[in-house]
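The lines below spell out each chain.
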Amino acid sequence: MSDAVAQFREATEAADIDAMMRTLAPDAELTSPLSGRLTFRGHDDLRILLTAAYGSLSHLRWTENIGDGDRRVLLAEASVGPFRMTEAMILELAADGRIRRLNPHLRPWLPLSFLAVKLGPRLLRHPGVMRRAARG
């Protein structure tokens, strides 16, 4: 994969889930910034999570790409409902260059809470995804 990080940035800004999924390694995982305990693994579960998450954001714009090698940090600004938020996404890359681990950090508290309210019903439609994520 030529540059999975650049492709991930473009895909998330466009909310293009298929393009997003192509940047992820088969064993990719994301630990929820909302709970700190739920870890979503694999393409099927991540597709559901990322569809809900990026479908809840608007005006997403990545502002910086920091690092090289197999660890990167992306900084972004976005809106969730009427609130502005910032994100720092730590990405770890697999040997083939695809993204193996996503570790998002979101702030401030109020937009993060609003995002949780929007995500909850969307994710609860998929109890198996939530059960698997809770296994840690």
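Residues numbered from 1 in each chain as written. Predicted model: local features only at pLDDT ≥ 70, side-chain atom pairs only at ≥ 80, totals over all residues. Heavy atoms only, no water.

Whenever I open this one, helix α5 (residues 127–134) confuses me. Can you help?
Along α5, the positions that sit buried rather than exposed are G128, V129, M130 and A133. Lining the buried residues of α5 we find β2 (39–41), α3 (42–56) and α4 (109–124). (Buried < 20%, exposed > 50% of the residue type's maximum accessible area, 1.4 Å probe, protein only. Helix = DSSP H or I, 4+ residues; strand = E, 2+ residues; numbered from the N terminus. Contact = heavy atoms within 4.5 Å.)

What is the right way to look at the pattern of salt bridges in this model?
Pairing between side chains of opposite charge can happen when the charged atoms of each approach one another. Under the definition given, this model contains ten salt bridges. With its nearest N and O atoms 3.0 Å apart, the salt bridge here joins R101 to E29. With R101 in strand β6 (residues 99–107) and E29 in strand β1 (residues 24–31), this pair connects stretches of sequence that are 72 residues apart. The exposure class of E29 is buried, given its relative accessible area of 15%. Of the charged contacts, one joins D96 and R98 as a salt bridge, the two residues approaching to 2.9 Å between their closest N and O atoms. Judged by its relative accessible area of 38%, D96 is partly exposed. One salt-bridge network, in which partners are shared between bridges, spans E29, R41, R71, E92, R100 and R101. (Salt bridge = Lys/Arg side-chain N within 4 Å of Asp/Glu carboxyl O.)

Sorry, what's going on with the side chain of E87 here?
With respect to the helices and strands, E87 occurs in strand β5 (residues 83–93). As a buried residue without a salt bridge, E87 has its nearest oppositely charged side chain in R84, at a separation of 11 Å. Once you skip the residues sitting within four places of it in the chain, E87 turns out to touch Y54, W62, L74, L75, A76, P104, H105 and L106. (Lys, Arg positive; Asp, Glu negative; His and termini not counted.)

Just checking my understanding: could you explain unusual backbone geometry for this structure?
Negative phi values dominate among residues other than glycine, just as trans dominates among peptide bonds. That bond from R107 to P108 is cis: its omega, -5°, falls within 30 degrees of zero. With respect to the element layout, P108 can be found in the loop between β6 and α4. Located in the positive-phi region is A15, a residue other than glycine, with phi close to 55°. Inspection of the secondary structure puts A15 in the loop between α1 (4–13) and α2 (17–22). According to the relative accessible area criterion, A15 is partly exposed, its value standing at 41%.

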